[in-house]
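# Structure assessment
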Amino acid sequence: DQSVVMMSVSVCCVKCPNDAESYGELIEIIDYSMSMAKKTRKGMITYTNELDLEKIKLEKAIEKAIKLAIDRDELLVYYQPIYSVKNGVYNSAEALVRLYDEELGWISPEDFIPIAEKNGLILEMGEMILEKVCRFIHDFKISDTTVEYIEVNISPVQLIQHDFADRVKTIMEKYGVTPDQINIEITETATMNVVSTVSENINSLVDYGIAFSLDDYGSGNANIDYINHMPFKIIKIDKYIIWDSFKNSKAGITLEYTIGMLNALELSIVAEGVETEEMKRQLTEFGCHYMQGWLYSKAVPDIEFMQLLQAEV
Ligand code: C2E
Ligand code: CA
Ligand code: CA
């Protein structure tokens, strides 16, 4: 019996102590260059001046902060209310994860989510976030308020797991949360994944009774095909598209007609990044009925969110 193993060599040259002052730093740099070598630099020699060492160090530090927060159960979930213009109340809210690290301070999800997606930590993190949201819905008796459901951001990395739908259901059932109390936000890039697992997960959850929102609409490839063929109930218009429409008259026209099109399709439309009364007025005139943004509130901790709801009445 014999098997053939093909081997190739990629080399990384690190100047010590100039580039790496400790054994740990050296390993981090080599680790990074190895993952790069696998993708784009197979069989080549990489010199550290071709690598952005500061970026590597920051990424590693963020990765450590994520691991620590998961281990210590220190991930925070904040809630940002979504206002229904028709009903004059907050009818829902978006759950947004927050991470504080003793050394790095507050780290933006824009920075740590992509890292967690790269190293797979997003799976554990995503589950913890959903669990916190479900506990919140249960413990704070959200069904007694005007808030009908909480929107949870789900990463494409979660969506390609074959057991994703089942895991979601298990967590919800643990806290007695009903399918109409959770809404899942996904972006166009998530639906672009042609893997059948993605559509199996989505279909399974839709059958279960969970509604889906298309997040960041208009920012990527605003492909009409998704809207035509995916079971979305809500379309969330990206905040940069909203802001642009107030600076650029062409963007104002495309937004107005986009909202008209979405209304004709009987989809609910949420405008993100609503910061002023003027924005709210204009968007309402365009036919958008749900507003999310700093005009109402930033994302806040659970207790503060409950106070916001109480102040409404
Ligand atoms: P997103 O899903 O588009 O979330 C909306 C972002 O806009 C949030 O940023 C929110 O704080 C911010 N925002 C809302 N209203 C306003 C406004 O009026 N003005 C301004 N300037 N900003 C506003 P945040 O919390 O920093 O989150 C950034 C992104 O990180 C999110 O973008 C989402 O893609 C991701 N993210 C956040 N939480 C989670 C999570 O629990 N799971 C996953 N997978 N991704 C998350
Ligand atoms: Ca979102
Ligand atoms: Ca968004």
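Summarised in this report is the structure supplied together with it. (Residues numbered from 1 in each chain as written. Chains lettered and ligands numbered in written order. Predicted model: local features only at pLDDT ≥ 70, side-chain atom pairs only at ≥ 80, totals over all residues. Heavy atoms only, no water.)

## Observations regarding the site of ligand 1
Test applied: Here a residue counts as near a molecule or strand whenever at least one of its heavy atoms sits within 4 Å of it. For the purposes of these results, a polar contact is taken to be a pair of N or O atoms within 3.5 Å, where, inside protein, one atom must be able to donate a hydrogen and its partner to accept one; residues adjacent in sequence count only when each atom of the pair is a side-chain atom. Surface accessibility follows the Shrake-Rupley procedure with a 1.4 Å probe radius. Residue values consider only the protein chains on display as shielding.
Lining the immediate environment of ligand 1, one finds 21 residues, of which Arg98, Asp215, Lys239, Glu275 and Trp294 sit closest. Here Glu94 contributes a side-chain N or O atom positioned 3.3 Å from an oxygen atom of ligand 1. Interatomic distance of 3.2 Å between a backbone N/O atom of Val97 and a nitrogen atom of ligand 1. Protein contacts shield 86% of the accessible area of ligand 1, which totals 800 Å² for the unbound molecule.

## Regarding the layout of surface pockets
The following threshold applies: In the cavity and pocket records, a cavity denotes points on a 1 Å grid over the protein atoms alone where a 1.4 Å probe fits but cannot get out, a pocket denotes an open set with protein on both sides within 12 Å along at least 5 of 7 lines, and lining residues are residues with an atom within 4 Å of a point. Grid points are joined across faces, edges and corners, and a volume is the space filled by probe spheres set on the points. Strands here mean DSSP runs of E at least two residues long; helices mean DSSP runs of H or I at least four residues long; both are numbered from the N terminus. In this classification, Asp, Glu, Lys and Arg are treated as charged, Ala, Val, Leu, Ile, Met, Phe, Trp, Tyr, Cys and Pro as nonpolar, and every other residue, Gly included, as polar.
One number sums up the size of the largest pocket: a volume of about 1,200 Å³. Lining the largest pocket we find 39 residues, and of these Glu94, Leu96, Pro109, Glu110 and Asn153 sit closest to its centre. Elements represented by at least two residues in the lining of the largest pocket include exactly strand E4 (89–101), helix H3 (109–119), helix H4 (121–139), strand E6 (149–153), helix H5 (156–159), strand E7 (182–187), strand E8 (211–217) and helix H10 (239–245). The residue inventory of the lining of the largest pocket, partitioned by class, reads 16 nonpolar, eleven polar and twelve charged.

## Digging into the pattern of salt bridges
The following threshold applies: Every case where a carboxyl oxygen of Asp or Glu lies within 4 Å of a side-chain nitrogen of Lys or Arg is listed as a salt bridge. Accessibility here uses a 1.4 Å probe with only protein chains present; expressed as a share of the type maximum, an area under 20% marks a residue as buried, one over 50% as exposed, and anything in between as partly exposed.
For the coordinates displayed, the defined rule picks out 15 salt bridges. For Glu63, the salt bridge goes to Lys67, with nearest N and O atoms at 3.3 Å. Here Lys67 and Glu63 lie together in helix H2 (residues 53–71), a separation of four residues that amounts to about one turn. The exposure class of Glu63 is buried, given its relative accessible area of 17%. Residues Arg167 and Glu127 are paired through a salt bridge, measuring 2.9 Å at the closest nitrogen-oxygen approach. In this pair, Arg167 sits in helix H6 (residues 164–174) while Glu127 sits in helix H4, placing the two residues 40 residues apart along the sequence. Judged by relative accessible area, which is 30%, Glu127 ranks as partly exposed.

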